[in-house]
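# Structural description and commentary
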Amino acid sequence: MPMEVKLLSLEGDTIRFLVKGCDTAFANALRRTMIAEVPTMAIDDLFIFDNSSVLPDEVIAHRVGLIPLKTDLDSYVLPERCECQSDLGCSLCRVVLTLDVEAGEESRTVYSGDLVSEDPAVVPVSPKIPIVKLAPGQALRFEAYARLGVGKDHAKWQPVSMCIYQNLADIGIDEDRCTGCGSCVDACRYGVLTLEDDKPRVVDIYSCLLCGSCVEVCPLKPPAIRQDVVEDAFIFKVESTGALPPERIVTEAVRVLLEKLDELEGKVKRGEMDEEIEPFKGLEEELGHAQT
Amino acid sequence: MIIPVRCFSCGKVIGDKWEEFARRVAAGENPAAVLDDLGVTRYCCRRMLLSHVNLIDEVLRLYEERDRSTFKEG
């Protein structure tokens with residue numbers, strides 16, 4: 001069955017889309033790839049020259065690492081795939097950001113916007129994230145090395161702050177028995193149903209969270225409204241941290257997934273799978289389904 | 001101590017929303033309305049701002065007062 005993808009909404013950092021014609025395993029593979037395998041840029045190494053603030057160096061380093069950076073995936077490569085293979089990287093696999101702030105007569109907050117990047121395309125997604133607050137005379141100076149990385153290594157490289165899917169709902173109304181009392185319409189908190197010509201109508205099935213309230217409140221026995229789950233259709237909701245546009249996270253996840261499938265196919269064709277599955281062979285027989 | 005950069009649970013950036021949140025709540029606005037306005041919708045992120053106490057301001061007072069005080073050591 002051909003797979004069907006439909007864009008439902010794209011607002012700011014959030015994308016909603018429908019994937020039809022796949023199973024839960026595929027939907028979850030896509031979700032996990034978006035969370036853990038799509039590269040983004042984050043600060044990974046920090047050389048602190050001066051820190052007389054009230055926060056210790058490691059807390060500063062942690063906070064600076066968590067600042068999402070706008071990522072230019074087309075100009076940079078992952079350090080492990082870069083030809084240079086050096087500790088601090090080269091211009092293809094890292095961006096250097098510097099910060100030099102000293103508080104004068106008044107206390108002042110050091111913001112992410114005080115970071116000076118060598119690449120104007122790789123900057124913090126928001127210039128207003130506080131890093132530390134300095135009392136008069138205190139100073140913070142450091143050099144930061146930002147690299148591409150993936151979420152499975154550290155959550156700071158995760159491109160998403162929310163990435164979820166749920167099954168599509170299917171609501172059916174028995175028009176002959178329905179009295180048009182409207183209690184199901186009132187019970188729905190998500191605007192799925194509306195009353196039209198004294199009959200409930202489904203107007204926005206993609207907003208249904210499968211709560212079942214509409215069925216519960218129906219005064220008829222059995223209810224004249226039913227709510228089913230479409231097993232092979234999924235609604236995804238993805239919120240970007242701002243590092244990448246949400247639609248790019250999805251397309252990039254598909255690319256990464258295809259790359260991994262190609263790798264798997266290559267291993268199968270070259271007969272390299274035997275050594276991969278060798279440790280699990282005894283286990284399969286124990287479970288009683290040993291045929292491969 | 002200081003507002004965390006991201007929500008502990010989901011990872012949304014909330015650090016950049018603290019100053020506006022604190023200012024508007026201090027001015028008498030309803031915190032729930034301010035959070036809605038800032039686009040902080042999930043309760044994991046909302047508690048980050050609602051429950052935060054900016055202790056760093058108290059710590060910095062030690063340094064600020066020390067510089068201003070006329071008290072001399074010795």
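Above: the structure in question.
Residues numbered from 1 in each chain as written. Chains lettered and ligands numbered in written order. Predicted model: local features only at pLDDT ≥ 70, side-chain atom pairs only at ≥ 80, totals over all residues. Heavy atoms only, no water.

### A word on the side chain of Gln138(A)
Along the chain, Gln138(A) turns up in the loop between β7 (130–134) and β8 (139–149). Assessed through its relative accessible area of 5%, Gln138(A) is described here as buried. A distance of 3.3 Å separates the side chain of Gln138(A) from the backbone oxygen of Ser52(A), its partner in a polar contact. Within polar-contact distance, the side chain of Gln138(A) engages the backbone nitrogen of Ala135(A) at 2.8 Å. Beyond its immediate sequence surroundings of up to four residues, Gln138(A) is in contact with Ser52(A), Ser53(A), Val54(A), Val101(A), Glu102(A), Ala103(A), Lys133(A), Leu60(B) and Tyr63(B). (Helix = DSSP H or I, 4+ residues; strand = E, 2+ residues; numbered from the N terminus. Buried < 20%, exposed > 50% of the residue type's maximum accessible area, 1.4 Å probe, protein only. Polar contact = N/O pair within 3.5 Å; in protein donor to acceptor, adjacent residues only side chain to side chain. Contact = heavy atoms within 4.5 Å.)

### A closer look at empty space enclosed by the protein
All names here are of chain A. Tallied over the full model, the rule gives 2 cavities of 30 Å³ or more. If you add up the space inside the largest cavity, you get close to 110 Å³. Taken together, 14 residues form the lining of the largest cavity, with Cys178, Cys181, Cys184, Pro200 and Cys218 sitting closest to its centre. Looking at the lining of the largest cavity residue by residue, the classes come out as 10 nonpolar, 4 polar and no charged. (1 Å grid on protein atoms, 1.4 Å probe; cavity = no way out; pocket = protein on both sides within 12 Å on 5 of 7 lines; lining within 4 Å. Points joined across faces, edges and corners; volume = space filled by probe spheres on them. Nonpolar A, V, L, I, M, F, W, Y, C, P; charged D, E, K, R; others polar.)

### Description of the sheet that holds strand β1 (residues 4–11) of chain A
All names here are of chain A. The sheet built from 4 strands is open, its strands ordered β1-β2-β12-β9 with antiparallel pairing. Of all the strands in the sheet, the pair left with one neighbour each is β1 and β9 (160–173). Between one strand axis and the next, the sheet turns by 25° as a mean value, whatever way the strands run. The sheet contact formed by β9 and strand β12 (residues 225–240) spans 13 bridges and is antiparallel. (Pairing = 2+ DSSP bridges. Axes fitted to C-alpha atoms, helices over the stretch in contact; angles between N-to-C directions.)

### Let's talk about the interface of chain A and chain B
With 29 residues of chain A at the contact, the number on the chain B side is 22 residues. Approximately 2000 Å² of surface area, both sides summed, lies buried where chain A meets chain B, with 58% of it carried by carbon and sulfur atoms. Contact with chain B buries surface across chain A, with Val54(A), Arg63(A) and Lys133(A) losing the most and accounting together for 26% of the total. Run the count over chain A and chain B and you get 3 salt bridges. Glu239(A) serves as the salt-bridge partner of Lys12(B), at 3.6 Å between the closest nitrogen and oxygen. Between chain A and chain B we count 7 residue pairs in polar contact (both at pLDDT 80 or more) in total. Put simply, the parts of the chain that give the side of chain A that touches chain B at least two residues each are α2 (57–66), β5 (108–111), β7 and β9 of chain A. (Buried area = accessible area lost by both parts, 1.4 Å probe. Salt bridge = Lys/Arg side-chain N within 4 Å of Asp/Glu carboxyl O.)

### Let's talk about the environment of Arg63(A)
Residues and elements named next belong to chain A. Looking at the secondary structure, you find Arg63 in helix α2. Under the relative-accessibility criterion, Arg63 is labelled buried at 7%. In sequence terms Arg63 and Gln85 are 22 residues apart; their C-alpha atoms lie 27 Å from each other.

### Digging into the pairing of strand β10 (residues 193–196) of chain A
Residues and elements named next belong to chain A. Across 4 bridges, β10 lies against strand β11 (residues 199–202) in antiparallel orientation. Among the inter-strand pairings, Leu193 is bridged to a residue of β11, identified as Val202. Between β10 and β11, which pair antiparallel and follow one another directly, the connecting turn spans 2 residues, one of which, Asp197, has a positive phi of 50°.

### Section: the pairing of β8(A)
Residues and elements named next belong to chain A. Counting buried residues in β8 gives 9 out of 11 residues, a clear majority hidden from the surface. Where strand β3 (residues 40–51) meets β8, 10 bridges bridge the pair, whose relative direction is antiparallel. Considered in β8, the bridge of Ile43 is made with Ala146. In this sheet, β8 lies alongside strand β4 (residues 94–102) in antiparallel orientation, the contact comprising 9 bridges. The residue of β8 that forms the bridge with Val101 is Leu140.

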